[in-house]
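Residue strings, one per chain:
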There are 2 protein chains.
Amino acid sequence: MAKNFIYLCEMLLSPSQENYLKAIYKLEAREGIATNQALAALVEATPASVTNMLRKLTDAGFAEYEAYQGATLTAAGRNEAVTLVRKHRLWEVFLVEKLQYDWDAVHALAEELEHIGGDELINRLDAFLDHPAYDPHGDPIPNAKGVVRTRQHAIAASDAKEGDVFVVCGVRDSSSLFLQHLDKLNIALGKAYTLKECLEFDRSAVWVEQEGALTNVSNEVAKNVLIQLTDE
Amino acid sequence: MAKNFIYLCEMLLSPSQENYLKAIYKLEAREGIATNQALAALVEATPASVTNMLRKLTDAGFAEYEAYQGATLTAAGRNEAVTLVRKHRLWEVFLVEKLQYDWDAVHALAEELEHIGGDELINRLDAFLDHPAYDPHGDPIPNAKGVVRTRQHAIAASDAKEGDVFVVCGVRDSSSLFLQHLDKLNIALGKAYTLKECLEFDRSAVWVEQEGALTNVSNEVAKNVLIQLTDE
DNA sequence: GCCTTTTTTTAGTCATGGCTAAAAATTTTA
DNA sequence: TAAAATTTTTAGCCATGACTAAAAAAAGGC
Ligand SMILES: [Mn+2]
Ligand SMILES: [Mn+2]
Ligand SMILES: [Mn+2]
Ligand SMILES: [Mn+2]
């Protein structure tokens, strides 16, 4: 009977398991492999809990994992993770576009909403939102087939040279603190700037908006802002 | 530290606890008190599990409960329950109005969505949906203050007399099976009919639409359809 | 008013997903 | 390469919310 149930449900994952898969996915993309410690930090649990969960995910066929080495996702696991990322980002779009939330306030809610429902719900939401390509933080939204369109030519703003013209297209740090700081600097996705000068002393920079307004950007901020260089 | 946490969180309830509160609320409205057995049926658990949970809810101050007697809600518990009902019904409106779900397919999803977020989210959703007064099944949506506007003058269709003119305004049974049956009969909320005749043999009735179409309605169906009588 | 049936509670168990503290393995440093 | 530091695993514990089976209480029938 239990086995029957599993069969019928196509092996459904708990919210906690889903969070782990998403965390492995992120770390794998960033570092190639997900270490126990990094996972513990991402899912906000102890290393002991991570070991425990990794065993379960491995047994269930979603992750591969060698003791002391770290974890990677199987094809099935990657599939789940990409779907989760899709759900998370679509809900973020919904919260910002439709419910008028600020971009720094949606992450926690999306973290809950992403665990609800299946393909039907998320595809309807996707259609309702007109198949958005990016979430409110500029991160690309995987499509229904699980294909992730990677952002073209994005570099960190800290790598721009004097005279460069660019458009802000994303952030490296999606924390509320950083996003609110960008709000204070009046920096938002889609805005165009010219890099007027780089100050050698603290590597801070002066950006000039097309309307002429000046913004002072610390190197710490610039490293976490993603931009696309414009032709001219 | 644990106590501190509780204090900061204003005592937050688990999804399971919330489902129990909602179930007690419903039974209390229907029967005056929620018996162990009825609760077990509603939350789909065993009576033993119910006893267990009732003790917790009582200790936490959300329910009152005397062994062998049944449970009722405290003011705090009723508050939570009404908020849950509000959340459930608003999400149902969203799913039907915005995501084009059929009215028979939204209950299970709303059952999950209702546990997410707090007042902020639900009030924004409410505003986005233009403060709807009723959910897709004709059930009234409590407002942000927890006031439930009760449906005026609604009676079961089985209580209508020959010659009565009425509008369908709700259902007693929100099961997928029943709602799909109404779809097949072409009966929907807001539609107006005249009761042409009641057949003595099986207490079934013939309804006539304003456009002249006839619908044969069994007594079993009529008992589960709510209507408002129209003047003329 | 007793006896049977139904309802509820108790007792004991289990799975999940956390935790801590200690042991073991790995990596870094000297 | 041996000692120190770090990382990971193990062992044991806990809370939650289920379950079953048995005992106890309440309600009905005659
Ligand atoms: Mn999540
Ligand atoms: Mn995002
Ligand atoms: Mn629910
Ligand atoms: Mn409803």
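Up top is the structure.
Overview of helix 4 (residues 47-59) of chain A
Spacing of three or four residues puts side chains on the same side of an α-helix, whose turn is 3.6 residues.
All names here are of chain A.
Phase 1: For helix 4, built from 13 residues, the straight-helix expectation of 18 Å at 1.5 Å per residue is met to within 8% by its first-to-last C-alpha distance of 18 Å.
Phase 2: Considering only its buried residues, helix 4 is in contact with helix 2 (15-31), helix 3 (36-43), strand 1 (63-66) and strand 2 (70-73).
Phase 3: Positive phi shows up at Gly61, right after helix 4, with a value of about 85°.

Focus: the protein's contact with DNA strand C
Phase 1: The environment of DNA strand C is formed by 20 residues, the closest being Ser14, Ser16 and Ser49 of chain A together with Thr51 and Tyr65 of chain B.
Phase 2: The sugar-phosphate backbone supplies 85% of the atoms of DNA strand C found within 4 Å of the protein.
Phase 3: The separation between a phosphate oxygen of DNA strand C and a polar side-chain atom of Ser16 of chain A is 2.5 Å.
Phase 4: Arg55 of chain B is positioned with one of its side-chain polar atoms (N or O) 2.8 Å from a phosphate oxygen of DNA strand C.
Phase 5: Element by element, the count of residues in the surface near DNA strand C is highest for helix 4 (residues 47-59) of chain B, at 4 residues.
Phase 6: Taken together, the residues of the surface near DNA strand C sort by class into 9 nonpolar, 8 polar and 3 charged.

Notes on the protein's contact with DNA strand D
Phase 1: Taken together, the neighbourhood of DNA strand D is formed by 20 residues, with Thr51 and Tyr65 of chain A together with Ser14, Ser16 and Ser49 of chain B sitting nearest.
Phase 2: Close to the protein, within 4 Å, the atoms of DNA strand D are drawn from sugar and phosphate at a rate of 85%.
Phase 3: Within the side chain of Gln37 of chain A, a nitrogen or oxygen atom sits 2.8 Å from a phosphate oxygen of DNA strand D.
Phase 4: One nitrogen or oxygen atom from the side chain of Tyr65 of chain A is found 2.5 Å from a phosphate oxygen belonging to DNA strand D.
Phase 5: Sorting the residues of the surface near DNA strand D by element identifies helix 3 and helix 4 of chain A together with helix 2 (15-31) and helix 4 of chain B as the ones contributing at least two each.
Phase 6: With 4 residues, the top contributor of residues to the surface near DNA strand D is helix 4 of chain A.

Observations concerning the packing of aromatic side chains
Phase 1: Scanning all chains against the criterion turns up 13 aromatic pairs over all chains.
Phase 2: Geometrically, the ring pair formed by Trp91 of chain A and Trp91 of chain B is edge-to-face, given 6.1 Å between the ring centres and 90° between the ring planes. Of this pair, Trp91 of chain A sits in helix 5 (residues 75-98) while Trp91 of chain B sits in helix 5 (residues 75-98), on two different chains.
Phase 3: On the accessibility criterion, Trp91 of chain B (0% relative accessible area) is buried.
Phase 4: A ring pair is formed by Phe128 of chain A and Phe94 of chain B, whose centres lie 6.0 Å apart and whose planes are at 80°; its orientation type is edge-to-face. With one member in each of two chains, Phe128 of chain A in helix 7 (residues 119-128) and Phe94 of chain B in helix 5 form a pair that bridges those chains.
Phase 5: Linked through ring pairs, Trp91, Phe94 and Phe128 of chain A together with Trp91, Phe94 and Phe128 of chain B together constitute an aromatic cluster.

Description of the coordination of the manganese ion (ligand 1)
A four-donor tetrahedral metal ideally has 109.5 degree angles, and a six-donor octahedral metal ideally has angles of 90 or 180 degrees.
Residues and elements named next belong to chain A.
Phase 1: Distances from the manganese ion (ligand 1) to its protein donors, Asn19 (OD1), Glu111 (O), Glu111 (OE), Glu114 (OE) and His115 (NE2), fall at 2.0 to 2.4 Å.
Phase 2: Look at where the donors of the manganese ion (ligand 1) fall in the sequence and you get N-x91-E-x2-E-H. Remark: His115 occurs in the loop between helix 6 (107-113) and helix 7 and Asn19 occurs in helix 2; sequence separation between them is 96 residues.

Quick look at the interface of chain A and chain B
Phase 1: Between chain A and chain B, the residue contacts involve 18 residues of the former and 18 residues of the latter.
Phase 2: Together, the buried faces of chain A and chain B total about 1600 Å²; carbon and sulfur atoms form 76% of this surface.
Phase 3: Linking chain A with chain B are 0 salt bridges.
Phase 4: Inspection of the region where chain A meets chain B yields 6 residue pairs in polar contact (both at pLDDT 80 or more).
Phase 5: When residues in the side of chain A that touches chain B are grouped by element, the largest group, 5 residues, is from helix 7 of chain A.
Phase 6: Partitioned by chemical class, the residues of the side of chain A that touches chain B number 11 nonpolar, 3 polar and 4 charged.

Cut-offs and rules
- Residues numbered from 1 in each chain as written.
- Chains lettered and ligands numbered in written order.
- Predicted model: local features only at pLDDT ≥ 70, side-chain atom pairs only at ≥ 80, totals over all residues.
- Heavy atoms only, no water.
- Helix = DSSP H or I, 4+ residues; strand = E, 2+ residues; numbered from the N terminus.
- Expected span 1.5 Å × (residues − 1).
- Contact = heavy atoms within 4.5 Å.
- Near = heavy atom within 4 Å.
- Polar contact = N/O pair within 3.5 Å; in protein donor to acceptor, adjacent residues only side chain to side chain.
- Nonpolar A, V, L, I, M, F, W, Y, C, P; charged D, E, K, R; others polar.
- Phe/Tyr/Trp six-rings, centres within 6.5 Å; stacked < 30°, edge-to-face > 60°.
- Buried < 20%, exposed > 50% of the residue type's maximum accessible area, 1.4 Å probe, protein only.
- Donors = N, O, S within 2.8 Å, 3.2 Å for Na, K, Ca; no water.
- Buried area = accessible area lost by both parts, 1.4 Å probe.
- Salt bridge = Lys/Arg side-chain N within 4 Å of Asp/Glu carboxyl O.

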